[in-house]
Structure formats: structure tokens, C-alpha cells
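This is what each chain is made of:
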Amino acid sequence: MSRRPTRRGQGGATVHDVARHAGVSAMTVSRVINGEPNVREQTRAKVMEAVEALGYAPNLAARSLAGAGAARIGLLYSNPSSGYLSEFLLGSLDQCSRLALQLSVEKCDPDVDVTGPVDRLINQGVDGVILPPPLSDSEPVLARLLEAGLPVAAVATGADHPGCALVSIDDFGASKAMTARLLELGHCRIAFISGDPNQTASAQRREGYRAALAEAGLSDTARVEVDGDFSFQSGLTAAEALLDRPERPTAIFASNDDMAAAAMSAAHRRGLDVPGDISVVGFDDTPLAMAVWPAMTTIRQPVADMARAAITILAGDIRAGADRKPVRQQIEHQLVARQSDGPAPRI
């Protein structure tokens with residue numbers, strides 16, 4: 001089996017640099033360097049000319065799962081929820097340890113130029129990259145990584161990103177089930193705080209909420225939706241707006257635990273009892289769900305397990321090299337009933 005080169009040569013040039021110089025993809029450069037036959041001779045000559053011009057010297061004893069050293073996984077993160085990130089990092093570290101992989105972590109702000117953090121990982125010679133949300137839906141990040149020929153596992157995305165392995169839960173079904181639970185408790189005025197509009201999972205959770213209301217025979221006017229971005233502060237702002245409404249909702253469904261905790265805080269500040277006066281439920285089941293009072297009813301998204309699954313898939317993709325066939329894996333979720341929701345109050 002041919003070995004993959006590292007992406008940094010002894011002279012500092014990378015596969016990405018060679019690809020840009022030759023006017024081809026990074027994957028094509030990798031195929032040429034690995035001596036694979038499915039490359040036209042004209043293209044092969046252009047790549048080798050670029051290799052010589054840039055002084056690129058691949059280490060053909062590079063790390064691989066079958067070689068002498070550990071393959072390296074890159075993790076790019078940018079998430080307002082520290083609880084979510086903590087669970088994701090723990091799962092990633094645990095699985096990397098089990099599979100004898102190295103983990104390189106890099107912060108990437110999607111609202112700023114993503115080139116720097118992405119290129120730092122590429123230049124470190126990582127063999128694959130795992131992307132938690134919101135970066136799992138960042139087209140610039142995905143495009144740059146795929147252009148570099150790296151296996152990518154996007155986690156908690158509802159989109160089909162060609163060329164990427166995908167790990168997610170059924171966000172639509174989970175949200176629909178939670179809304180149905182509140183309806184069964186007698187709530188007719190259920191407000192929904194949405195998440196980051198740039199994340200596909202946010203849209204699926206909103207659609208699940210809407211679908212449950214529709215199946216219950218409630219008209220579109222029964223929908224009460226306020227925007228958030230998954231941060232505690234956005235949940236607080238949204239909850240204050242909901243509690244100021246002339247017809248206050250009897251239940252708030254926030255699309256993550258941070259925003260649900262903020263909604264509970266806003267209710268407590270106004271002297272409202274949770275769940276006696278208003279029910280509040282969340283999504284994710286991060287440690288915060290058990291740290292608030294009362295303990296939060298929420299959807300358990302097994303974040304650590306999703307990270308483990310993504311690392312395992314990446315390990316297989318690294319072994320497969322150019323023959324990899326990215327797959328989608330759906331992890332089971334669970335509705336966890338605690339004490340923050342109850343029957344609708346009599347008004």
C-alpha cells in the first residue's frame with residue numbers, strides 16, 4: 001500500500017502550494033506523489049515541475065495508521081456553548097487515545113477570515129479534520145479543506161456536504177417529539193427560540209417544532225418564534241421579549257440548553273415558577289441541564305459519542321486514502337424528562 005505524504009516539505013512548501021503552482025487540486029498532487037496510475041502524463045509533468053520549483057520534499061515515511069507513527073487529526077472549533085465544546089473535546093480526545101491518534105486543536109472564527117486557522121492545520125501536516133458546529137456548515141472552511149485533499153468529518157449538520165463524512169442526529173424528529181410532549185401536557189402557546197441561522201441543524205429543529213404544531217391542528221398564528229444564536233445572552237434577550245408579550249407563552253422550547261437556561265433565569269427574575277407558571281425545555285443535554293434549577297427537560301444529543309464516531313470514520317478514511325467513500329452516520333437521540341416542564345397553567 002502506498003503511503004501518503006506529509007503536507008509540509010522540508011523547504012516549507014505544502015501540497016496546497018504545489019497544487020496552486022501547478023493549477024491542479026491538492027488531491028491530484030497527492031496522487032502524483034504516491035505514484036498512482038490514474039493521472040494524465042501532462043498533468044503529472046506539471047505537478048513534478050511545481051514540486052521541483054518549490055523545493056517540495058515529501059516525507060514518504062509519513063505518519064499513517066499502518067506506519068510507525070500516529071496519524072494526526074485536526075479539530076477546528078468555534079462554538080458559543082462551552083458545555084457543548086467540552087463534551088465534544090472529551091469525546092474526541094478519548095477516541096484519539098483509543099486509536100493511538102494525535103489531536104491538534106485550532107480555534108477558527110467563521111465571522112473573520114478562515115484562511116489562517118485552516119492553513120495552520122494543513123501546514124501542520126494533519127491527516128484529517130473533524131468539524132463541530134458551526135464550522136461543520138461553513139462552506140469556506142469545507143471548501144479549503146477538501147481542496148487540500150484532506151478527509152473531513154462534519155458533525156451535527158443537516159446538510160449533505162459532498163466529499164465529507166457526516167455524523168448527526170435526527171434534529172427534526174427530536175424537536176418534533178419535544179414539541180409534541182409539551183402539547184400533550186396541555187400547552188397551546190408554545191414559544192420557540194431558534195439557534196444560529198447559519199447552521200442547518202437550527203432550521204431542522206425549527207421545522208420539527210412547526211410540524212408538531214401543524215399535526216396538532218394549530219394554525220400558523222399559534223407559532224411564536226424568536227431568533228437566537230445558541231448563546232446564553234441571545235436566549236436571555238429572546239426570553240425577555242417573550243415574557244413581555246401581552247399573551248405570555250405557557251412554555252418555551254429553546255433549541256439548545258444554554259438558551260433554555262437563560263429563559264429559566266429570565267422567568268425566575270420575574271418571580272415566575274418553573275414549571276408552575278411556565279415550562280422551559282432545551283436541547284443537547286449538556287452538563288448545564290443538570291446544573292440549573294429545576295433540572296432541565298431536554299433532548300440528549302450524545303455530543304461525545306458523535307465526536308467518537310467522527311474520529312473513527314476519519315481513521316478509516318485516512319487508511320483508505322483516495323479510495324475513501326465518505327458516509328453519513330446518524331446517532332440515536334433521547335428525550336430526557338426532568339422537572340422544568342409540567343402541565344399548562346390555568347389562565
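Conventions used here
Residues numbered from 1 in each chain as written. Predicted model: local features only at pLDDT ≥ 70, side-chain atom pairs only at ≥ 80, totals over all residues. Heavy atoms only, no water. Helix = DSSP H or I, 4+ residues; strand = E, 2+ residues; numbered from the N terminus. Salt bridge = Lys/Arg side-chain N within 4 Å of Asp/Glu carboxyl O. Buried < 20%, exposed > 50% of the residue type's maximum accessible area, 1.4 Å probe, protein only. Axes fitted to C-alpha atoms, helices over the stretch in contact; angles between N-to-C directions. Parallel < 35°, antiparallel > 145°, perpendicular 65-115°, else oblique. Left-handed = near helix turned anticlockwise from the far one by under 90°. Contact = heavy atoms within 4.5 Å. Nonpolar A, V, L, I, M, F, W, Y, C, P; charged D, E, K, R; others polar.

Caption draft 1: Looking closely at unusual backbone geometry. In this chain, Val274 is followed by Pro275 through a cis amide linkage whose omega measures 15°. Tracing the sequence through the fold places Pro275 in the loop between helix 10 (257–269) and strand 9 (279–281). With an omega dihedral of -5°, the bond running from Trp293 to Pro294 counts as a cis peptide bond. Along the chain, Pro294 falls in the loop between helix 11 (288–291) and strand 10 (298–300). Its identity as a non-glycine residue notwithstanding, Phe230 has a phi of 80°, on the positive side. With respect to the secondary-structure elements, Phe230 resides in the loop between strand 7 (224–226) and helix 9 (232–243).

Caption draft 2: Spotlight on the pattern of salt bridges. Taken as a whole and assessed by the stated rule, the structure comprises 20 salt bridges. Two residues, Arg223 and Glu225, come together in a salt bridge whose shortest N-O distance is 3.2 Å. Owing to a relative accessible area of 29%, Arg223 belongs among the partly exposed residues under this scheme. For Glu225, a relative accessible area of 32% corresponds to the partly exposed category. Here the salt bridges do not stand alone but share partners, grouping Arg206, Glu207, Arg210, Asp220, Arg223 and Glu225 into one network.

Caption draft 3: Main features of the packing of helix 1 (residues 15–22) against helix 3 (residues 41–54). Running from N to C, helix 1 and helix 3 cross one another at 120°; their axes reach a closest spacing of 9 Å. The orientation of helix 1 relative to helix 3 falls into the category oblique. Once helix 1 is placed against helix 3, the crossing between them reads as right-handed. Of the residues in helix 3, those touching helix 1 at Asp17, Val18, His21 and Ala22 are Lys46, Val47, Ala50, Val51, Ala53 and Leu54. Each residue belonging to the contact of helix 1 with helix 3 can be placed in one class, and the counts come to 7 nonpolar, 1 polar and 2 charged.

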